[in-house]
Amino acid sequence: MDKKDKITAVVPCFNEEEVIGLFYEEICRVAERMKEQAEFEILFVNDGSSDGTLAKMKELREKDRRVCYLSFSRNFGKEAAMYAGLEHATGDYVAVIDADLQHPPELLIEMYRSIREEGFDSAAAQRVSRTGEPKLRAFVSRKFYRVLAKLSKIEVVDGEVDYRLMSRQMVNAVLQMSERNRFTKGIFSWVGFRTKWIPYENVERAAGTTKWSFGKLLKYSLEGIIGYSTAPLAFVSLIGVLFCIAAFIAILFIIIKTLVWGDPVGGWPSLACMILGVSGVQLFCMGILGQYLGKTYLEVKNRPIYLASIVETNENGQTEAGGAESGK
Ligand code: UDP
Ligand code: MG
(Lines give C-alpha, C1' and ligand atoms only; values in the text may rest on other atoms or scores of the structure.)
(Ligands and ions follow the chains in the order given, each with its own letter.)
Protein backbone atom coordinates (compact mmCIF):
# COMPACT_ATOMS: atom_id res chain seq x y z
CA MET A 1 0.00 0.00 0.00
CA ASP A 2 1.17 3.55 -0.75
CA LYS A 3 2.32 5.72 2.07
CA LYS A 4 -0.52 7.92 3.23
CA ASP A 5 -0.36 11.64 2.56
CA LYS A 6 0.06 13.92 5.50
CA ILE A 7 -2.02 17.08 5.75
CA THR A 8 -0.99 19.80 8.18
CA ALA A 9 -3.67 22.24 9.27
CA VAL A 10 -2.07 25.49 10.41
CA VAL A 11 -4.38 27.31 12.80
CA PRO A 12 -3.48 30.84 13.94
CA CYS A 13 -5.09 31.56 17.32
CA PHE A 14 -5.34 34.80 19.18
CA ASN A 15 -7.51 34.65 22.30
CA GLU A 16 -9.55 31.73 21.02
CA GLU A 17 -9.99 29.69 24.22
CA GLU A 18 -13.74 29.54 23.65
CA VAL A 19 -13.59 27.94 20.22
CA ILE A 20 -10.37 26.00 20.07
CA GLY A 21 -11.97 22.88 21.59
CA LEU A 22 -14.89 23.03 19.17
CA PHE A 23 -12.49 23.50 16.29
CA TYR A 24 -10.47 20.49 17.37
CA GLU A 25 -13.57 18.27 17.51
CA GLU A 26 -14.67 19.47 14.10
CA ILE A 27 -11.32 18.84 12.42
CA CYS A 28 -11.03 15.42 14.04
CA ARG A 29 -14.34 14.53 12.44
CA VAL A 30 -12.92 15.53 9.05
CA ALA A 31 -9.70 13.61 9.73
CA GLU A 32 -11.79 10.54 10.50
CA ARG A 33 -13.64 10.87 7.19
CA MET A 34 -10.35 11.19 5.30
CA LYS A 35 -8.44 8.52 7.16
CA GLU A 36 -8.27 6.21 4.15
CA GLN A 37 -6.27 8.73 2.14
CA ALA A 38 -4.48 10.98 4.56
CA GLU A 39 -3.32 11.47 8.10
CA PHE A 40 -3.54 14.79 9.87
CA GLU A 41 -1.28 17.08 11.83
CA ILE A 42 -2.97 19.99 13.57
CA LEU A 43 -0.55 22.84 14.17
CA PHE A 44 -1.87 25.58 16.42
CA VAL A 45 0.01 28.86 16.49
CA ASN A 46 -0.65 30.85 19.63
CA ASP A 47 -0.22 34.47 18.58
CA GLY A 48 0.43 35.94 22.03
CA SER A 49 -3.01 35.25 23.47
CA SER A 50 -3.72 36.68 26.88
CA ASP A 51 -6.42 34.14 27.77
CA GLY A 52 -6.27 30.38 28.28
CA THR A 53 -5.61 29.52 24.63
CA LEU A 54 -2.12 28.16 25.26
CA ALA A 55 -3.30 26.00 28.15
CA LYS A 56 -6.01 24.55 25.88
CA MET A 57 -3.39 23.77 23.22
CA LYS A 58 -1.20 21.97 25.77
CA GLU A 59 -4.19 20.00 26.97
CA LEU A 60 -5.04 18.88 23.42
CA ARG A 61 -1.41 17.94 22.78
CA GLU A 62 -1.43 15.78 25.92
CA LYS A 63 -4.31 13.70 24.71
CA ASP A 64 -3.63 13.68 20.97
CA ARG A 65 -0.14 13.53 19.47
CA ARG A 66 -1.42 14.75 16.11
CA VAL A 67 -1.74 18.15 17.76
CA CYS A 68 1.36 20.37 17.73
CA TYR A 69 1.67 23.95 18.74
CA LEU A 70 3.99 26.88 18.90
CA SER A 71 3.56 29.94 20.99
CA PHE A 72 4.77 33.47 20.23
CA SER A 73 6.41 35.70 22.78
CA ARG A 74 3.79 38.37 22.03
CA ASN A 75 1.10 39.17 19.47
CA PHE A 76 2.78 39.37 16.07
CA GLY A 77 -0.37 39.30 13.96
CA LYS A 78 -2.12 36.66 11.89
CA GLU A 79 0.26 37.05 8.95
CA ALA A 80 3.26 36.18 11.12
CA ALA A 81 1.34 33.31 12.69
CA MET A 82 0.58 31.83 9.27
CA TYR A 83 4.21 32.14 8.24
CA ALA A 84 5.41 30.42 11.41
CA GLY A 85 2.86 27.67 10.86
CA LEU A 86 3.94 27.06 7.27
CA GLU A 87 7.55 27.00 8.40
CA HIS A 88 6.96 24.30 11.00
CA ALA A 89 4.43 22.23 9.06
CA THR A 90 5.66 18.79 8.12
CA GLY A 91 2.76 17.73 5.89
CA ASP A 92 2.87 16.96 2.17
CA TYR A 93 -0.09 19.32 1.96
CA VAL A 94 -0.60 22.29 4.21
CA ALA A 95 -3.84 24.11 4.95
CA VAL A 96 -4.24 27.46 6.67
CA ILE A 97 -7.53 27.74 8.46
CA ASP A 98 -9.11 30.02 11.11
CA ALA A 99 -9.82 28.70 14.57
CA ASP A 100 -13.27 30.25 14.85
CA LEU A 101 -15.02 27.72 12.55
CA GLN A 102 -15.80 30.43 10.01
CA HIS A 103 -13.80 28.29 7.62
CA PRO A 104 -15.72 24.99 7.48
CA PRO A 105 -13.14 22.21 8.01
CA GLU A 106 -15.14 19.77 5.85
CA LEU A 107 -14.13 21.80 2.78
CA LEU A 108 -10.70 20.23 3.24
CA ILE A 109 -12.08 17.01 1.78
CA GLU A 110 -12.96 18.68 -1.50
CA MET A 111 -9.77 20.75 -1.48
CA TYR A 112 -7.66 17.64 -1.09
CA ARG A 113 -9.53 15.91 -3.90
CA SER A 114 -9.01 18.87 -6.22
CA ILE A 115 -5.29 18.83 -5.67
CA ARG A 116 -4.85 15.08 -5.83
CA GLU A 117 -7.19 14.26 -8.67
CA GLU A 118 -7.54 17.41 -10.74
CA GLY A 119 -3.90 18.44 -10.72
CA PHE A 120 -4.21 21.79 -8.97
CA ASP A 121 -1.39 23.09 -6.75
CA SER A 122 -3.75 24.70 -4.32
CA ALA A 123 -7.42 24.82 -3.52
CA ALA A 124 -8.82 27.93 -1.87
CA ALA A 125 -12.13 28.77 -0.31
CA GLN A 126 -14.15 31.58 -1.81
CA ARG A 127 -16.85 33.12 0.31
CA VAL A 128 -19.91 33.76 -1.84
CA SER A 129 -21.93 35.64 0.75
CA ARG A 130 -21.06 38.09 3.46
CA THR A 131 -24.01 37.59 5.77
CA GLY A 132 -23.35 38.57 9.33
CA GLU A 133 -20.65 41.03 8.35
CA PRO A 134 -21.22 44.77 8.83
CA LYS A 135 -22.40 46.31 5.51
CA LEU A 136 -19.85 49.11 5.58
CA ARG A 137 -16.99 46.70 6.15
CA ALA A 138 -18.10 44.45 3.29
CA PHE A 139 -18.40 47.45 0.97
CA VAL A 140 -15.01 48.93 1.86
CA SER A 141 -13.29 45.59 1.58
CA ARG A 142 -14.76 44.89 -1.85
CA LYS A 143 -13.68 48.32 -3.11
CA PHE A 144 -10.22 47.85 -1.67
CA TYR A 145 -9.59 44.64 -3.58
CA ARG A 146 -10.78 46.27 -6.78
CA VAL A 147 -8.34 49.17 -6.30
CA LEU A 148 -5.54 46.76 -5.44
CA ALA A 149 -6.15 44.75 -8.61
CA LYS A 150 -6.00 47.95 -10.67
CA LEU A 151 -2.84 49.26 -9.03
CA SER A 152 -0.83 46.06 -9.00
CA LYS A 153 -0.63 42.76 -10.76
CA ILE A 154 -2.05 41.12 -7.68
CA GLU A 155 -5.42 39.54 -8.30
CA VAL A 156 -7.38 38.98 -5.13
CA VAL A 157 -10.53 37.08 -5.98
CA ASP A 158 -13.75 38.59 -4.62
CA GLY A 159 -14.58 36.70 -1.46
CA GLU A 160 -11.08 35.31 -1.02
CA VAL A 161 -10.32 34.37 2.57
CA ASP A 162 -7.17 33.00 4.17
CA TYR A 163 -8.34 29.41 3.89
CA ARG A 164 -6.60 27.14 1.45
CA LEU A 165 -4.84 23.86 1.04
CA MET A 166 -1.49 23.93 -0.73
CA SER A 167 0.94 21.42 -2.11
CA ARG A 168 4.41 21.25 -0.57
CA GLN A 169 5.81 22.94 -3.66
CA MET A 170 3.60 25.97 -3.19
CA VAL A 171 4.29 26.11 0.55
CA ASN A 172 8.01 26.24 -0.16
CA ALA A 173 7.44 29.04 -2.65
CA VAL A 174 5.45 31.02 -0.08
CA LEU A 175 8.18 30.47 2.51
CA GLN A 176 10.74 31.93 0.14
CA MET A 177 8.89 35.22 0.39
CA SER A 178 10.32 36.14 3.75
CA GLU A 179 9.37 39.80 3.72
CA ARG A 180 8.39 41.44 6.98
CA ASN A 181 5.42 43.41 5.71
CA ARG A 182 3.33 40.39 4.97
CA PHE A 183 0.12 40.42 3.01
CA THR A 184 -0.60 36.77 2.49
CA LYS A 185 -3.37 37.13 -0.08
CA GLY A 186 -0.91 39.06 -2.23
CA ILE A 187 1.80 36.48 -1.66
CA PHE A 188 -0.50 33.61 -2.73
CA SER A 189 -1.33 35.49 -5.90
CA TRP A 190 2.28 36.51 -6.56
CA VAL A 191 3.75 33.00 -6.35
CA GLY A 192 1.34 31.80 -9.02
CA PHE A 193 0.52 28.07 -9.28
CA ARG A 194 -2.87 26.74 -10.29
CA THR A 195 -5.58 27.41 -7.79
CA LYS A 196 -9.03 25.94 -7.69
CA TRP A 197 -11.70 28.14 -6.08
CA ILE A 198 -14.25 26.39 -3.95
CA PRO A 199 -17.31 28.48 -3.06
CA TYR A 200 -18.87 28.38 0.38
CA GLU A 201 -21.48 30.35 2.31
CA ASN A 202 -20.27 32.68 5.03
CA VAL A 203 -20.63 31.29 8.52
CA GLU A 204 -20.68 33.33 11.69
CA ARG A 205 -18.07 32.83 14.39
CA ALA A 206 -18.77 29.84 16.60
CA ALA A 207 -17.82 31.83 19.71
CA GLY A 208 -15.55 34.67 20.80
CA THR A 209 -15.20 37.95 18.95
CA THR A 210 -13.42 39.14 15.84
CA LYS A 211 -9.84 40.29 16.39
CA TRP A 212 -9.92 42.84 13.63
CA SER A 213 -10.59 46.44 14.46
CA PHE A 214 -11.25 49.01 11.76
CA GLY A 215 -7.78 50.47 12.34
CA LYS A 216 -6.13 47.05 11.94
CA LEU A 217 -8.02 46.49 8.70
CA LEU A 218 -7.00 49.89 7.34
CA LYS A 219 -3.36 49.17 8.13
CA TYR A 220 -3.71 45.77 6.43
CA SER A 221 -5.15 47.40 3.30
CA LEU A 222 -2.36 49.96 3.09
CA GLU A 223 0.13 47.15 3.53
CA GLY A 224 -1.46 45.46 0.53
CA ILE A 225 -1.23 48.49 -1.72
CA ILE A 226 2.21 49.67 -0.68
CA GLY A 227 3.60 46.15 -0.62
CA TYR A 228 2.51 45.24 -4.13
CA SER A 229 2.31 48.43 -6.11
CA THR A 230 4.45 51.42 -6.85
CA ALA A 231 1.49 53.19 -8.47
CA PRO A 232 1.23 55.80 -5.66
CA LEU A 233 4.83 56.83 -6.43
CA ALA A 234 3.98 57.28 -10.09
CA PHE A 235 0.92 59.24 -9.00
CA VAL A 236 3.16 61.58 -6.99
CA SER A 237 5.37 62.20 -10.02
CA LEU A 238 2.27 62.93 -12.08
CA ILE A 239 1.07 65.51 -9.57
CA GLY A 240 4.53 67.11 -9.69
CA VAL A 241 4.40 67.38 -13.48
CA LEU A 242 0.86 68.81 -13.43
CA PHE A 243 1.89 71.47 -10.93
CA CYS A 244 4.92 72.42 -13.03
CA ILE A 245 2.69 72.85 -16.06
CA ALA A 246 0.23 74.94 -14.05
CA ALA A 247 3.07 77.11 -12.72
CA PHE A 248 4.46 77.61 -16.22
CA ILE A 249 1.08 78.76 -17.53
CA ALA A 250 0.63 81.08 -14.54
CA ILE A 251 4.07 82.64 -15.13
CA LEU A 252 3.30 83.25 -18.81
CA PHE A 253 -0.01 84.77 -17.83
CA ILE A 254 1.58 87.12 -15.30
CA ILE A 255 4.36 88.23 -17.70
CA ILE A 256 1.86 89.02 -20.45
CA LYS A 257 -0.48 90.73 -18.00
CA THR A 258 2.36 92.91 -16.66
CA LEU A 259 3.52 93.85 -20.17
CA VAL A 260 0.01 94.78 -21.25
CA TRP A 261 -1.46 96.40 -18.12
CA GLY A 262 1.60 97.36 -16.08
CA ASP A 263 2.23 96.07 -12.57
CA PRO A 264 -0.29 97.21 -10.02
CA VAL A 265 0.41 95.67 -6.59
CA GLY A 266 -2.30 93.27 -5.64
CA GLY A 267 -3.32 89.67 -5.74
CA TRP A 268 -1.61 88.62 -2.53
CA PRO A 269 -4.66 86.69 -1.30
CA SER A 270 -4.52 84.47 -4.36
CA LEU A 271 -0.78 84.08 -3.79
CA ALA A 272 -1.35 83.02 -0.22
CA CYS A 273 -3.93 80.46 -1.34
CA MET A 274 -1.53 79.08 -3.92
CA ILE A 275 1.31 78.74 -1.44
CA LEU A 276 -1.00 76.97 0.96
CA GLY A 277 -2.37 74.67 -1.73
CA VAL A 278 0.98 73.76 -3.21
CA SER A 279 2.64 73.12 0.13
CA GLY A 280 -0.30 70.91 1.06
CA VAL A 281 0.19 68.82 -2.05
CA GLN A 282 3.92 68.66 -1.36
CA LEU A 283 3.37 67.37 2.13
CA PHE A 284 0.89 64.82 0.85
CA CYS A 285 3.39 63.57 -1.71
CA MET A 286 6.15 63.46 0.87
CA GLY A 287 3.81 61.41 3.03
CA ILE A 288 3.44 58.84 0.25
CA LEU A 289 7.20 58.73 -0.23
CA GLY A 290 7.54 58.38 3.51
CA GLN A 291 5.29 55.34 3.53
CA TYR A 292 7.57 53.55 1.08
CA LEU A 293 10.66 54.72 2.92
CA GLY A 294 9.22 53.47 6.19
CA LYS A 295 8.47 50.05 4.74
CA THR A 296 11.95 49.88 3.22
CA TYR A 297 13.44 50.82 6.59
CA LEU A 298 11.58 48.02 8.33
CA GLU A 299 12.60 45.49 5.66
CA VAL A 300 16.24 46.55 5.79
CA LYS A 301 16.37 46.06 9.54
CA ASN A 302 15.75 42.41 8.80
CA ARG A 303 14.05 41.70 12.09
CA PRO A 304 12.54 38.27 12.61
CA ILE A 305 8.94 37.87 11.47
CA TYR A 306 8.04 36.31 14.81
CA LEU A 307 9.63 35.08 18.01
CA ALA A 308 8.39 31.84 19.45
CA SER A 309 8.85 31.03 23.10
CA ILE A 310 7.53 27.47 23.03
CA VAL A 311 7.73 25.06 20.11
CA GLU A 312 6.24 21.59 20.21
CA THR A 313 6.15 20.30 16.67
CA ASN A 314 6.96 17.12 14.78
CA GLU A 315 9.88 18.41 12.76
CA ASN A 316 12.68 15.94 12.03
CA GLY A 317 10.41 13.29 13.40
CA GLN A 318 10.94 14.45 16.95
CA THR A 319 9.39 16.79 19.40
CA GLU A 320 11.14 19.88 20.57
CA ALA A 321 10.15 21.65 23.71
CA GLY A 322 11.16 25.00 25.11
CA GLY A 323 13.85 27.25 23.70
CA ALA A 324 13.36 30.37 21.64
CA GLU A 325 12.90 30.24 17.94
CA SER A 326 12.43 32.88 15.31
CA GLY A 327 11.41 33.27 11.70
CA LYS A 328 14.33 34.60 9.64
N1 UDP B 1 -5.66 35.96 14.58
C2 UDP B 1 -4.33 35.87 14.95
N3 UDP B 1 -3.66 37.01 15.31
C4 UDP B 1 -4.26 38.25 15.32
C5 UDP B 1 -5.61 38.32 14.90
C6 UDP B 1 -6.27 37.16 14.54
O7 UDP B 1 -3.75 34.79 14.96
O8 UDP B 1 -3.60 39.23 15.66
C9 UDP B 1 -6.39 34.72 14.20
C10 UDP B 1 -7.66 34.46 14.99
O11 UDP B 1 -7.40 33.76 16.17
C12 UDP B 1 -8.48 33.64 14.01
C13 UDP B 1 -8.05 34.19 12.66
O14 UDP B 1 -6.81 34.85 12.88
O15 UDP B 1 -8.18 32.25 14.06
C16 UDP B 1 -9.07 35.14 12.08
O17 UDP B 1 -9.36 36.16 13.02
P18 UDP B 1 -10.82 36.72 13.21
O19 UDP B 1 -11.81 35.61 13.25
O20 UDP B 1 -10.77 37.61 14.41
O21 UDP B 1 -11.00 37.56 11.90
P22 UDP B 1 -12.29 37.68 10.97
O23 UDP B 1 -12.79 36.28 10.76
O24 UDP B 1 -13.24 38.51 11.72
O25 UDP B 1 -11.76 38.29 9.71
MG1 MG C 1 -13.22 34.93 12.00
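Bear in mind the structure is a predicted one, so any value in this text is a computation, not a measurement.

S.K.: Now, about the site of ligand 1: what can you tell me, with residues and values included?
M.R.: Close to ligand 1 lie 18 residues, the nearest being Glu16, Asp47, Asp100, Thr210 and Lys211. Here an oxygen atom of ligand 1 and a side-chain polar atom of Glu16 are 2.6 Å apart. Asp47 is positioned such that a nitrogen or oxygen atom in its side chain is 2.6 Å from a nitrogen atom of ligand 1. In terms of residue class, the shell around ligand 1 is made up of five nonpolar, four polar and nine charged.

S.K.: Residue-level account of the environment of Leu148, with values.
M.R.: Looking at where Leu148 falls in the secondary structure, it is placed in helix α5 (residues 135-151). With relative accessibility at 0%, the residue Leu148 sits in the buried group. Separated by 124 residues in the primary sequence, Leu148 and Ala272 place their C-alpha atoms 37 Å from one another. The residues touching Leu148, leaving out its near neighbours within four places in the chain, are Ile154, Val156, Phe183, Gly224 and Ile225.

S.K.: Which residues make up the pattern of salt bridges, and what values do they have?
M.R.: Tallying each qualifying case throughout the model produces eleven salt bridges. Here Lys78 ties to Asp98 by a salt bridge, and the two come within 2.9 Å at their closest N and O atoms. Taken as a pair, Lys78 in helix α3 (residues 78-88) and Asp98 in the loop between β4 (93-96) and α4 (107-118) lie far apart in primary sequence, 20 residues in all. As far as burial versus exposure is concerned, Lys78 and Asp98 are alike and both buried. Among the ionic pairs, Arg180 bridges to Glu299, the shortest N-O distance being 3.7 Å. In this pair, Arg180 is assigned in the loop between α6 (168-176) and α7 (184-191) and Glu299 in helix α10 (residues 268-301), connecting sequence segments 119 residues apart. Members of the salt-bridge network, linked through shared partners, are Lys78, Asp98, Asp162 and Lys185.

S.K.: Any details on the packing of aromatic side chains? Residues and values, ideally.
M.R.: If you walk through the whole model with that rule in mind, you get four aromatic pairs. Taking the centre distance of 5.7 Å and the plane angle of 90° together, the rings of Tyr93 and Tyr112 count as edge-to-face. You can see Tyr93 sitting in strand β4 and its partner Tyr112 sitting in helix α4, a full 19 residues away along the chain. For the residue pair Tyr93 and Tyr112, the accessibility class agrees, reading buried in each case. The ring of Phe120 has Arg194 sitting right over it, with the charged end atom 4.5 Å from the ring centre.

S.K.: Lay out the side chain of Asp64 with the relevant residues and their values.
M.R.: When you line up the elements, Asp64 lands in the loop between α2 (53-63) and β3 (67-72). For Asp64, a relative accessible area of 9% translates into the label buried. Polar side-chain contacts of Asp64 include one of 2.5 Å to the side chain of Tyr24. Beyond its immediate chain neighbours, meaning those up to four positions away, Asp64 contacts Tyr24 and Cys28.

Analysis parameters
Residues numbered from 1 in each chain as written. Chains lettered and ligands numbered in written order. Predicted model: local features only at pLDDT ≥ 70, side-chain atom pairs only at ≥ 80, totals over all residues. Heavy atoms only, no water. Near = heavy atom within 4 Å. Polar contact = N/O pair within 3.5 Å; in protein donor to acceptor, adjacent residues only side chain to side chain. Nonpolar A, V, L, I, M, F, W, Y, C, P; charged D, E, K, R; others polar. Helix = DSSP H or I, 4+ residues; strand = E, 2+ residues; numbered from the N terminus. Buried < 20%, exposed > 50% of the residue type's maximum accessible area, 1.4 Å probe, protein only. Contact = heavy atoms within 4.5 Å. Salt bridge = Lys/Arg side-chain N within 4 Å of Asp/Glu carboxyl O. Phe/Tyr/Trp six-rings, centres within 6.5 Å; stacked < 30°, edge-to-face > 60°. Lys NZ or Arg CZ within 6 Å of the ring centre and 35° of its normal.

None of this, on its own, says anything about what the molecule does.
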